[in-house]
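Architecture at a glance
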Amino acid sequence: MNKKHFFYDLLQSELGLSDQVATIFSMLIKLLIILIIALVVYKLLTQIGQRTVARLTKNTKTHFDDYLIENRAFVYFSYIIVFILIELALPLVFTDYQTLEFYTEKLLKVLVIVNVIRLIRSILKSIKDFLKTLPLFADKPIDSYIQVVMIILWVFGIIIIFSVITGKSLWEFFTALGAISAVLILVFKDTILGFVASIQVSVNDTVRIGDWITMEKYGADGDVIEINLASVKIRNFDKTITTLPTYYLISDSFKNWRGMSESGGRRIKRYLLIKSASIRFLSDDEVKNISKIELLKPFIEVRKPEIDEHNQVKAVDKSLAINGRHLTNFGLFRKYIDEYIANHPQVNKDMLFMSRQLQQTPHGIPLEVYAFSSDKRWPFYERIMADIFDHLIASIPYFKLELYEYPGGTDLHFDRSE
């Protein structure tokens, strides 16, 4: 009895089926047996593969095997082996159906190619997930490089698939690919630009995952959560997500706050508008009263005698305050701010801090505080800055100064008797 026709002969001799029916049933029985065997092999390969890798990595404290399982690497590997086994068994199944065997073989080859690509992708994704757990690679745009590799793989995979389906050589497809290269460059323009941008961003260390960046032009203000070949995802502080093309990171300007995060403090740069008409020279009695302020007392005790001695030596006419040297309320307030900032426990003293007078405006004279808070966390930074300016605003009346502000309803009085 011919092994290839075992079931055919059995069906004819035992059941007395006709030649055509026996041929069909023989093919179906062999196909069913092959599929059952393939399913068993698939299950065995999957389990054996997972256990083998788990055993190899048991003593290394690495979770790479978990990422392989999570990304279904063993599943795709098992698919490849199963499809190859089925392809090898096709001559036994389709003994009397050469045409069906021919097309089934092509289909299985296509499935093998697709699953080889999917297996490579799963391995690359596992490598990416593993590298993300390492501090050295946690903020690198690894997704971009994986996407480039996958695009190249799929291009070659599609070419090989067409070669299998049409029966033409790979050389013919590569020749045709060269002819339409201009069209491909146009189609994949954004991909090419994104790839170049990803390399430049990585090499120049312009942006890392986790950086706080601001791109006002596109309404982006938040943390970078993903950098891939096509786009950059930014989680804004209002919890919205802004997605931008990757090449915008090299074609447009943006602000990266990483330098602030890595420095010793976060900058405080805000000013008070002082009403210019409230600035004046101080009398001796007023200076004596202000000298009761503890932060200014050492300064006044040194500066006041110097000024008095200068005026005496020059025989200054003190009937007019403009003559000679005098302390001003504005100058003492600036000195008070310097001393207050220098003694503030939440200001970084190792970084620049000062108060400075800016160019006069129609709304008054800006008196700017420039310093760095030691706590860079946003809520605490805002709290420190608010506490500083709460104190300064409350201190202004002690120096007989006034803040400029537009008059409110209670500031306007009308004589209703007229």
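The structure this text deals with has already been given above.
So, here is what we can say about the structure in this document. (Residues numbered from 1 in each chain as written. Predicted model: local features only at pLDDT ≥ 70, side-chain atom pairs only at ≥ 80, totals over all residues. Heavy atoms only, no water.)

**A few points about the overall build of the chain**
- When helices and strands are tallied, the chain shows 15 helices and 8 strands.
- Across the 418 residues of the chain, 34% fall into the buried class.
- Relative to all contacts within the chain whose residues are 6 or more apart in sequence, the contacts with residues 24 or more apart total 63%. (Helix = DSSP H or I, 4+ residues; strand = E, 2+ residues; numbered from the N terminus. Buried < 20%, exposed > 50% of the residue type's maximum accessible area, 1.4 Å probe, protein only. Contact = heavy atoms within 4.5 Å.)

**Notes on a nonpolar patch on the surface**
- Together, Leu32, Ile36, Val40, Leu44 and Ile48 make up an exposed nonpolar region whose accessible area comes to about 470 Å².
- Within the secondary structure, Leu44 is located in helix α2 (residues 19-56). (Patch = residues over 30% accessible without salt bridge, like charges linked within 9 Å, V, L, I, M, F, W, Y side chains within 5 Å. Areas by Shrake-Rupley, 256 points an atom, 1.4 Å probe, with all protein chains shown as cover. Salt bridge = Lys/Arg side-chain N within 4 Å of Asp/Glu carboxyl O.)

**Notes on the sheet that holds strand β2 (residues 220-227)**
- Across the sheet, 5 strands lie side by side as β4-β3-β2-β1-β5; this open sheet has antiparallel pairing. The open sheet is flanked by β4 (241-245) and β5 (255-256), the only strands paired with a single partner.
- Pairing geometry for strand β1 (residues 212-215) and β5, over 2 bridges, is antiparallel. The partner of Ile213 across the bridge, within β5, is Asn256. (Pairing = 2+ DSSP bridges.)

**Structural notes on the side chain of Ser122**
- Mapped onto the secondary structure, Ser122 falls in helix α5 (residues 98-132).
- Given the relative accessible area of 2%, Ser122 is considered buried.
- When near neighbours in sequence (up to four residues on either side) are disregarded, Ser122 contacts Asn71, Ala73 and Tyr76.

**Quick look at the sheet that holds strand β8 (residues 365-373)**
- The 3 strands lie next to each other as β6-β8-β7, forming an open sheet whose pairing is antiparallel. With one partner strand each, in any of the chains shown, β6 (266-274) and β7 (354-357) form the two edges of the open sheet. Across the sheet, the axes of successive neighbouring strands diverge by a mean angle of 20°, strand direction being ignored.
- Two strands pair when backbone bridges link them, and β7 and β8 are joined in this way by 4 bridges, in the antiparallel orientation. Bridge assignment links Ser355 to a residue of β8, and that residue is Val369.
- Docked against the sheet, helix α14 (residues 329-342) engages β6, β7 and β8, running at close to 10° with respect to β8.
- Against the sheet, helix α15 (residues 378-395) contacts β6 and β8, and its axis sits at roughly 25° relative to β6. (Axes fitted to C-alpha atoms, helices over the stretch in contact; angles between N-to-C directions.)

**Some details on the pairing of β2**
- Strand direction decides the pairing type here: β1 and β2, joined by 4 bridges, are antiparallel. From the neighbouring strand, Ile213 faces β2, where its bridge partner is Gly222.
- Count of turn residues in the β1/β2 antiparallel hairpin: 4 residues, of which Gly219 carries a positive phi of about 70°.
- By the bridge criterion, 5 bridges tie β2 to strand β3 (residues 231-236) in an arrangement that is antiparallel. The residue bridging Ile227 from the neighbouring strand is Val232, located in β3.
- Here β2 folds back onto β3, and the loop between the two strands holds 3 residues.

**Some words on the pattern of salt bridges**
- With the rule as written, the count across this model stands at 14 salt bridges.
- Arg258 is paired through a salt bridge with Asp211; the nearest N and O atoms lie 2.9 Å apart. In this pair, Arg258 sits in helix α11 (residues 258-262) while Asp211 sits in the loop between α9 (189-204) and β1, placing the two residues 47 residues apart along the sequence.
- Residue Asp211 is classed as buried on the basis of its relative accessible area of 7%.
- With a closest N to O distance of 3.7 Å, Glu402 and Lys275 form a salt bridge. Of the two residues, Glu402 sits in the segment after α15 while Lys275 sits in the loop between β6 and α12 (284-290), which places them 127 residues apart along the sequence.

**As for the nonpolar core**
- With 32 residues, the main nonpolar core has Leu332, Phe333, Ile341, Ile388, Leu392 and Phe399 as its most contacted residues.
- A per-element tally of this core places α14 first, with 7 residues.
- Ignoring any residue separated from it by four or fewer positions in sequence, one finds Leu332 in contact with Leu282, Ile290, Leu296, Phe299, Ile300, Leu327 and Phe399. (Core = buried A, V, L, I, M, F, W, Y, C linked by side-chain atoms within 4.5 Å.)

**Some words on α15**
- In this model α15 runs 26 Å from its N-terminal to its C-terminal C-alpha over 18 residues, within 8% of the 26 Å that 1.5 Å per residue would give.
- Each element contacted by the buried residues of α15 is listed here: β6, α14 and β8. (Expected span 1.5 Å × (residues − 1).)

**A look at the packing of α14 against α15**
- Where α14 meets α15, the axes come as close as 12 Å, and the angle between the chain directions of the two elements is 150°. Judged by the inter-axis angle, α14 sits roughly antiparallel to α15. Where α14 crosses over α15, the two elements pack in a sense that is right-handed. Note on element contacts: α15 touches α14 through Asp387, Ile388, His391, Leu392 and Ser395, opposite Phe333, Tyr336, Ile337, Tyr340 and Ile341.
- Taken together, the residues of the contact of α14 with α15 break down into 7 nonpolar, 2 polar and 1 charged. (Parallel < 35°, antiparallel > 145°, perpendicular 65-115°, else oblique. Left-handed = near helix turned anticlockwise from the far one by under 90°. Nonpolar A, V, L, I, M, F, W, Y, C, P; charged D, E, K, R; others polar.)

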